[in-house]
Amino acid sequence: MSTHADHLAERRHQWQELEQALPGLAVWRLRKCHGRELMRVSDLYRSACADLAMAEQYRLSPETVAYLHDLVGRSHNAIYRSRRFQYGQWIDVLFREAPQQIFQDRCVHLCGLLFFGLFALAAFVSWNAAMFPGVAERILGAAQIEMMETMYEKVDFSQAGGGNFEMVGFYIYHNTGIGLSCFAMGPLIVPGLWTTAYNATTLGATFGYMARPETPGGDNLLHFVTAHGAFELTAIALAAAAGLRIGCGWLFTSGLTRLSSLQLHTRRAVPIMAASAVLFVLAAFTEGMLSPSGVPYLFKAMFGMFSSGLLMFYFVVLGYPRQDQHATGPH
């Protein structure tokens, strides 16, 4: 118990920093606060909540528990008393906090490496039939291969390129189903990783097999997926990472109660899942409106490169931690 008491004692400077910041969060001054200041207060508030849970669990001194109860209560009232929409705060959340949290999240690193690594490996071995004969057929099965060849051989790219909202709805339903399966199994850790690996292998084998020069409909598949592929694949990997982040909450508690740890990690998973949902919608609109259209392939390729660059800018350039960042995110 003394170890936990010493740990909390080391955090007293954060409690004092939070207490000193509370007067500046009065309703008539909240709108004037800089987004970064609000995020710092929010981080300190979440840390104080975790400290309170630890203090209660290990039955530390009643004075410490009472102080933290009072501090958390006053902080909650100060932060949430204003219902006005804070544009500066939300811009800071969307373009600083969220990408930096996602960039540093180890669950995102693990799922990204697992998904894209297996995707690339499956695509290569399925494409190179001379070196790996029969691999694609064993992964996909004869029935699925026949269905893909028939389907993509008959793809019609004569549409005008817009107005296909029924297909947008279908792709939102279909693509989100893949992401939700990865997300839903993620909290179980091993089944989540297996589901992610299975989807990556199947999708990679599909791309690899259809990329063979002799495969019927292979060129049509490339023509169809180029524009929306970056959005869709990234969304699946992020959905898997969000589920795994929740799973880490009950498996690795870091001294908190299992419920408190699960709540904390669930909050940390929200930006990851939100980014995944946005990408699924973007992929569906692209897949329903642009991918089946008759616009030149060059335009679709340029759109695919633009979307890939946009993802790199958001998750890497904006996500790379700054020297002035007050990071309390998960690792």
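Rules used throughout
- Residues numbered from 1 in each chain as written.
- Predicted model: local features only at pLDDT ≥ 70, side-chain atom pairs only at ≥ 80, totals over all residues.
- Heavy atoms only, no water.
- Helix = DSSP H or I, 4+ residues; strand = E, 2+ residues; numbered from the N terminus.
- Buried < 20%, exposed > 50% of the residue type's maximum accessible area, 1.4 Å probe, protein only.
- Contact = heavy atoms within 4.5 Å.
- Areas by Shrake-Rupley, 256 points an atom, 1.4 Å probe, with all protein chains shown as cover.
- Core = buried A, V, L, I, M, F, W, Y, C linked by side-chain atoms within 4.5 Å.
- Axes fitted to C-alpha atoms, helices over the stretch in contact; angles between N-to-C directions.
- Parallel < 35°, antiparallel > 145°, perpendicular 65-115°, else oblique.
- Left-handed = near helix turned anticlockwise from the far one by under 90°.
- Nonpolar A, V, L, I, M, F, W, Y, C, P; charged D, E, K, R; others polar.
- Polar contact = N/O pair within 3.5 Å; in protein donor to acceptor, adjacent residues only side chain to side chain.
- Salt bridge = Lys/Arg side-chain N within 4 Å of Asp/Glu carboxyl O.
- Disulfide = S-S within 2.5 Å.

(A) Representation of the overall build of the chain. Along its length, the chain carries 15 helices and 0 strands. Considering the chain as a whole, with its 331 residues, one finds that 47% of them fall into the buried category. A separation of at least 24 residues holds for 81% of the contacts in the chain among residues at least 6 apart in sequence. Summed over all atoms, the accessible surface of the chain reaches about 17,600 Å², with 66% contributed by carbon and sulfur.

(B) Quick peek at unusual backbone geometry. Positive phi, close to 65°, is recorded for I189, a residue that is not glycine. Among the structural elements, I189 can be located in the loop between α10 (165-185) and α11 (190-210).

(C) Examining the nonpolar core more closely. If you look at the biggest cluster of nonpolar residues, it comprises 33 residues, and the most contacted ones within it are I102, F115, I236, L238, I272, L279 and F315. Those elements that place two or more of their residues in this core are α7 (106-127), α10, α11, α13 (229-251), α14 (258-289) and α15 (297-317). The dominant element in this core, judged by the number of residues it contributes, is α13, at 14 residues. Not counting residues within four places of it along the chain, the set of residues in contact with I102 comprises V108, L238, P271, I272, A275 and F315. Grouped together as the second largest cluster of nonpolar side chains are 15 residues, L18, L52, A55 and V72 included.

(D) How the structure looks around the packing of helix α9 (residues 142-153) against α11. With their axes 11 Å apart at the nearest point, α9 and α11 run at an angle of 55° to one another. Comparing their axes, α11 and α9 come out oblique. Between α9 and α11 lies a crossing whose hand is right-handed. For the pair α9 and α11, contact is made by Q144, I145, M148, E149 and Y152 and by T202, T206, Y209 and M210, respectively. Looking at side-chain class alone, the contact of α9 with α11 contains 5 nonpolar, 3 polar and 1 charged residues.

(E) Representation of the packing of α7 against α13 in the model. Contact pair α7 / α13: the axes reach a minimum separation of 8 Å and the direction vectors enclose 135°. On the basis of the axis angle, α7 is oblique to α13. The interaxial crossing formed by α7 with α13 has right-handed handedness. Listed contacts from α13 to R106, C107, V108, L110, C111, F115, F116 and F119 of α7 are L233, T234, I236, A237, L238, A240, A241, L244, R245 and C248. Grouping the constituent residues of the contact of α7 with α13 by class yields 15 nonpolar, 1 polar and 2 charged.

(F) Structural context of the environment of S293. By the element assignment, S293 lies in the loop between α14 and α15. S293 sits in the buried class, given a relative accessible area of 0%. For the pair formed by S293 and F224, sequence separation is 69 residues and the distance between their alpha carbons is 8.7 Å. Here L290 takes part through its backbone oxygen, which lies 2.6 Å from a polar atom of the side chain of S293.

(G) Representation of the pattern of salt bridges in the model. All chains considered together, the criterion is met by 6 salt bridges. Between D43 and R46 there is a salt bridge, with its nearest N and O atoms 2.3 Å apart. Of this pair, D43 and R46 both sit in helix α4 (residues 35-57), 3 residues apart, roughly one helical turn. Overall, the relative accessible area of 7% leaves D43 in the buried class. For R46, a relative accessible area of 26% gives the class partly exposed. Between R74 and D70 there is a salt bridge, with the nearest N and O atoms lying 2.8 Å from each other. With R74 and D70 both in helix α5 (residues 62-80) and 4 residues apart, this pair spans about one turn of that helix. Within the structure, one salt-bridge network assembled from shared partners comprises E19, D70 and R74.

(H) Focus on the side chain of S126. Mapped onto the elements, S126 comes out in helix α7. Residues in contact with S126, not counting those within four places in the same chain, are A136, I139, A205, G208, Y209 and R212.

(I) Structural context of the state of the cysteines. Taken as a whole, this structure holds 0 disulfides when the rule is applied. No disulfide involves C182; its sulfur sits 8.4 Å from that of C111, the nearest cysteine. C248 forms no disulfide, and the closest cysteine sulfur to it belongs to C107, at a distance of 3.7 Å.

Geometric descriptors of this kind do not, in isolation, establish any biological role.
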